[in-house]
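As a plain string of letters, each chain reads:
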Number of protein chains: 2
Amino acid sequence: MTTRRSWIESANDPGTDFPIENLPFGVVERSDESEPRIAVAIGDRVLDLRECVSRGLLSGQRDEVRRALSSDSLNTLAGLGRQVSSTVRRAVTGLLDAGDDRLRTSSDRDHLVRPMSEIRSVMPFRIGDYTDFYASEHHATNVGSMFRPDNPLMPNWKHLPVGYHGRASSIVESGRPVRRPHGQTVGPDGPPPSYGPVRLLDYELEMGFFIGAGSELGSPVPIERALDHVFGLVLVNDWSARDVQKWEYQPLGPFNAKNFATTISPWVVTLDALEPFMVSGPPRATDDPRNLEYLRWGDDVAMDIELEVAIRSTQMRERGMPAHRVSLGNYRDMYWTIAQMVAHHTSTGCDLRPGDLMASGTVSGPTEDSRGCLLERTWRGERPISLPDGTERRFLQDGDEVVIRGWAERDGRRIGFGECTGLVLPALGG
Amino acid sequence: MTTRRSWIESANDPGTDFPIENLPFGVVERSDESEPRIAVAIGDRVLDLRECVSRGLLSGQRDEVRRALSSDSLNTLAGLGRQVSSTVRRAVTGLLDAGDDRLRTSSDRDHLVRPMSEIRSVMPFRIGDYTDFYASEHHATNVGSMFRPDNPLMPNWKHLPVGYHGRASSIVESGRPVRRPHGQTVGPDGPPPSYGPVRLLDYELEMGFFIGAGSELGSPVPIERALDHVFGLVLVNDWSARDVQKWEYQPLGPFNAKNFATTISPWVVTLDALEPFMVSGPPRATDDPRNLEYLRWGDDVAMDIELEVAIRSTQMRERGMPAHRVSLGNYRDMYWTIAQMVAHHTSTGCDLRPGDLMASGTVSGPTEDSRGCLLERTWRGERPISLPDGTERRFLQDGDEVVIRGWAERDGRRIGFGECTGLVLPALGG
């Protein structure tokens, strides 16, 4: 497989997350312009699509598409459907191709192409609803065995992708610090509870995906059409307060344990870019139940995406040390696919809107070092992990920075997600 | 207590839900104007506030308030805070007062004041996040004893208002029919499950409240300031598929069982209008645990609001019979107050945005006929109720119309919520 080249040299670096084959969409602020604008990442640069439209560089697109590209979020563009965003992506690929002179030789070039270090990524979508699934068998089994030793995997788990509605207002962009929340918890002896800074703060490594084209209330999306409603994927850190969760979650599920912050990576990687990394899926064991018809699709896919969590403590930062990898998993291992999640979510006729976010739940693999949260990684603190500054972690400490990375790579082609980071600030008044 | 009079005669009718002391806000479409507009209900009329602004009748309001009143949803107005909406309400009260001539004698009067029968109410807010609580001890105990006979009320229940995030996209305005969903369910013998039209369709009578002024991520709202963030209340029907719920809800709570539709009444009754009906609260038994400080407020209130559910079958409609009351409860009976729900929701620093909706959970009282859903009212179908057309109901049938009404009444003053209605359509392809 030969790789395509861009006239932006950093995009041809084999280590970049953002070669010309990726071109993820995002929304950025630039200091020399007033409104946030849609952009794509390319190498260590971003291409400002709003300015491309205003300079006539995307004049082949329909009026409504050019208007959508001049918006301050991806909602309208994504809502036009996958065919439109694919067309835009192809047009942008043309502008950035090594053999194309239109943008490269334009006098506006340096205004349109900005160093990534000079822009600030903001939320790519105005998120309507956020849904979180629980799609990893390893995660569900591990956590289930801690919370319910006699009954780790519920009878429903292999028949439907278990999910729950999450809080959209507190979803923040990568890089925004996360304050350790206060919460209501009980000690090991049970009630009475107390209210104070949570002790068992955790991350959860997840993949998220944004809905593009919406669907009508009352009309389930058939599984074979499900991916037509998906715009692209991001990394998600579903911060969790385990002590709050344990006390509050029955019978209606997690609430305050997760509503204080969820971090997403800023660049939305399209399904088009990920297509070379789709493998047949989902994985099923021979004794797994056959799923109901509305959850089966002969062409369904898993995605071969490496997912890493790294931690950097205050001391490591002060000593100039990089974040230390604490887990490495792969999204391919998930039991439930994106298409199954969409089909199940809408199976009762629930409608989707452009910009809705769904997330996979913690991505954990079969091995200890592929477990995507500290609760599992340290087995609720019983097997702490060591950091290179000589300290141990059972759960997150103030000053810890959690860095999630994701990438798909094969034959010299790497489609990366960039980073999803967040620094833990001490609790208020603490 | 003397009641105030309006020059709109129907507002002085003792039976009206919308006397001049009420003036709930809503958003309406009118056939002779293009944009939806903010309005208040008064007797059997609505006053178009957008037109009031454009005719200079609300010139005493600040620019940003007049702009907010010219919007197509209540989000911006509500976001300005309770003081602003109270000021607007007082100004509108002045315009409608029997002794005030400004609007009454205006040549524009018949353009500004429209018969309610000639307008269409639409969604009053663009809803950001929707949260549903579980705040009735009677409901939680009844349902708990069916799903978990050995453990009806969880140990956490009297220490925190249990809640969960709901689906915002599928919240619809009163009057919109609700299609019986398909869903994944199991029969009495358990798995394997099947997918088809749900059999145990139910309503849940709830009170909802809309957030006005938002709050900052990371900053809990102290309970004594909680009501400053509440714009007003509506009736809610949290339609539920009990067969889906029973199979799916563990361990992360209800999901598809409730995401297919939630109906709200169109007129948002302000806390100002409800103030005369606030009574000291919440109710606590002597052996109930004392709540943690962040959930205690010396001036906290319960609200004395009567809540009724009535059902009208196809046959009753064909025979011209009115909807038949199947339950009558009172919102005063709830264990957890609105202020407690807001304080708990934000206790971890979760932010609120104008237009977020929170609902109380099913309002059930101590008696059988005050139970707010069929699951409880018929004790999961074991004790069916009779309708005047000679049929029985265990759960809802196709063609049933569910009518929820709410009102507070004392000394000849009645603050009503109007109706929250929805007609059950047969399942697709069924």
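Residues numbered from 1 in each chain as written. Chains lettered and ligands numbered in written order. Predicted model: local features only at pLDDT ≥ 70, side-chain atom pairs only at ≥ 80, totals over all residues. Heavy atoms only, no water.

Peer 1: Help me understand the domain arrangement of chain A in this model?
Peer 2: Where interface size is given, it is often the accessible area lost as the parts come together that is meant. Residue and element names in this part refer to chain A. Domain annotation for chain A reports domain 1 (9-122) and domain 2 (130-425). Computed from C-alpha coordinates alone, the two centres of domain 1 and domain 2 are separated by 29 Å. Taking both partners together, domain 1 and domain 2 bury about 2,100 Å²; carbon and sulfur atoms supply 57% of that area. Counting the contacts that link domain 1 with domain 2 gives three salt bridges. With its nearest N and O atoms 3.7 Å apart, the salt bridge here joins glutamate 173 to arginine 120. Among the elements that take part in the side of domain 1 that touches domain 2, helix H4 (residues 82-96) stands out by supplying four residues, more than any other. Here the residues of the side of domain 1 that touches domain 2 are counted per class, giving 14 nonpolar, 10 polar and five charged. (Domains from an automatic or database assignment. Buried area = accessible area lost by both parts, 1.4 Å probe. Salt bridge = Lys/Arg side-chain N within 4 Å of Asp/Glu carboxyl O. Helix = DSSP H or I, 4+ residues; strand = E, 2+ residues; numbered from the N terminus. Nonpolar A, V, L, I, M, F, W, Y, C, P; charged D, E, K, R; others polar.)

Peer 1: I tried to follow the sheet that holds strand E21 (residues 324-330) of chain B on my own but got confused; where do I start?
Peer 2: Note: strands within a sheet are paired through backbone hydrogen bonds, in either parallel or antiparallel orientation. Residue and element names in this part refer to chain B. One open sheet accounts for five strands, arranged E9-E26-E25-E20-E21; its pairing is mixed. Only two strands of the sheet have a single partner each, and these edge strands are strand E9 (178-179) and E21. As paired strands, strand E20 (residues 306-312) and strand E25 (residues 401-410) are joined by seven bridges and run antiparallel to one another. Its bridge partner being in E25, valine 309 is matched across the sheet by isoleucine 404. (Pairing = 2+ DSSP bridges.)

Peer 1: Can you walk me through the sheet that holds strand E5 (residues 119-122) of chain B in this structure?
Peer 2: Residues and elements named next belong to chain B. Pairing is antiparallel in the open sheet, where five strands are placed in the order E4-E3-E2-E1-E5. Among the strands making up the open sheet, the edge pair consists of strand E4 (113-115) and E5. On average, each strand axis in the sheet is tilted by 45 degrees relative to the strand beside it, whichever way the strands run. With four bridges joining them, strand E2 (residues 37-42) and strand E3 (residues 45-48) adopt antiparallel strand pairing. Bridge assignment links isoleucine 42 to a residue of E3, and that residue is arginine 45. (Axes fitted to C-alpha atoms, helices over the stretch in contact; angles between N-to-C directions.)

Peer 1: For this particular structure, what's the right way to read the interface of chain B and chain A?
Peer 2: Every contact between the two is made by 59 residues of chain B and, on the other side, 59 residues of chain A. When the two sides are added together, the surface that chain B and chain A hide from each other amounts to roughly 5,500 Å², 60% of it contributed by carbon and sulfur. Applying the counting criterion to the chain B and chain A interface returns four salt bridges. Among the salt bridges present, the one from B:Arg167 reaches A:Asp356, with a minimum N-O distance of 2.6 Å. Joining chain B to chain A, the criterion identifies 36 residue pairs in polar contact (both at pLDDT 80 or more). Residues of the side of chain B that touches chain A, tallied by class, amount to 29 nonpolar, 22 polar and eight charged. (Contact = heavy atoms within 4.5 Å. Polar contact = N/O pair within 3.5 Å; in protein donor to acceptor, adjacent residues only side chain to side chain.)

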